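Residues per chain are reported as follows:
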Amino acid sequence: MPSAQSPILSFIDQMILDAGLDSVPDDQKKEYRTKLAAEAQKRIGLMALRHLDEESVGEFMKLLESNAKDFDVIIDFLVENVSEFDKKAAHELEVFANEFVSTSKKLATTTQSE
């Protein structure tokens, strides 16, 4: 079974392309990829907290403490406990991508005009 992380990394790669950062050196791209994936996971987690009941929040926090590196286990929990999780997560990621691409393009424009 493919990891739940795989779609996130594919999404991050597309964000990097859309932002026009595909020509940066590989080591820098790898750093972007790591940081963007961490931010995407954080945003998904924060979105989930807004949609979990109090008991589920406690379970989620325990799960994060014990399985912080196992993204698949965390996603399975969220799919079970957040109604329409896929749709809500996709929306969060879309907002994140739009912010990142927009900011990256503004920075590129500002840098070029200096």
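See the structure above.
Residues numbered from 1 in each chain as written. Predicted model: local features only at pLDDT ≥ 70, side-chain atom pairs only at ≥ 80, totals over all residues. Heavy atoms only, no water.

So what's going on with the packing of aromatic side chains? Which residues, and what values?
Under the counting rule described, the total for this entry stands at one aromatic pair. Considering the side-chain rings of F60 and F77, the 5.9 Å spacing of their centres and the 10° angle between planes classify their relative orientation as stacked. On the criterion of sequence distance, the pair formed by F60 in helix α3 (residues 54-66) and F77 in helix α4 (residues 71-81) is long-range, its members being 17 residues apart. Assigned by exposure class, F60 and F77 land together as buried. (Phe/Tyr/Trp six-rings, centres within 6.5 Å; stacked < 30°, edge-to-face > 60°. Helix = DSSP H or I, 4+ residues; strand = E, 2+ residues; numbered from the N terminus. Buried < 20%, exposed > 50% of the residue type's maximum accessible area, 1.4 Å probe, protein only.)

Any chance you could break down the side chain of S104 for me, citing the residues and the numbers?
Along the chain, the position of S104 falls in helix α5 (residues 85-113). On the basis of relative accessible area, S104 is assigned to the buried category, the value being 11%. One polar contact links the side chain of S104 to the main-chain carbonyl oxygen of F100, over a distance of 2.9 Å. Setting aside its immediate chain neighbours within four residues, S104 contacts A19 and L21. (Polar contact = N/O pair within 3.5 Å; in protein donor to acceptor, adjacent residues only side chain to side chain. Contact = heavy atoms within 4.5 Å.)

Can you lay out unusual backbone geometry for me, pointing to particular residues and giving the numbers?
The residue E84 is not glycine, and still its phi comes out positive at about 55°. Along the chain, E84 falls in the loop between α4 and α5. We classify E84 as exposed; its relative accessible area is 52%.

Outline the side chain of E92, supporting the account with residue identities and numerical values.
Structurally, the position occupied by E92 is in helix α5. On the basis of relative accessibility, which here comes to 16%, the residue E92 falls in the buried class. A distance of 2.8 Å separates polar atoms of two side chains, one belonging to E92 and the other to R50. The contacts of E92, once residues within four sequence positions are left out, are R43, M47 and R50.

Any chance you could break down the pattern of salt bridges for me, citing the residues and the numbers?
Summed over the entire model, instances satisfying the criterion amount to six salt bridges. For R43, the salt bridge identified is with E39, shortest N-O distance 2.9 Å. In this pair, R43 and E39 are both assigned in helix α2 (residues 26-51), four residues apart and thus about one turn of the helix distant. Between E99 and R43 there is a salt bridge, and its shortest N-O distance comes to 2.8 Å. One end of the pair, E99, is in helix α5; the other, R43, is in helix α2, and 56 residues separate them in sequence. Note on E99: relative accessible area 39%, which makes it partly exposed. Among the charged side chains, a salt-bridge network with shared partners connects E39, K42, R43 and E99. (Salt bridge = Lys/Arg side-chain N within 4 Å of Asp/Glu carboxyl O.)

The values reported here are purely geometric and, on their own, carry no functional implication.
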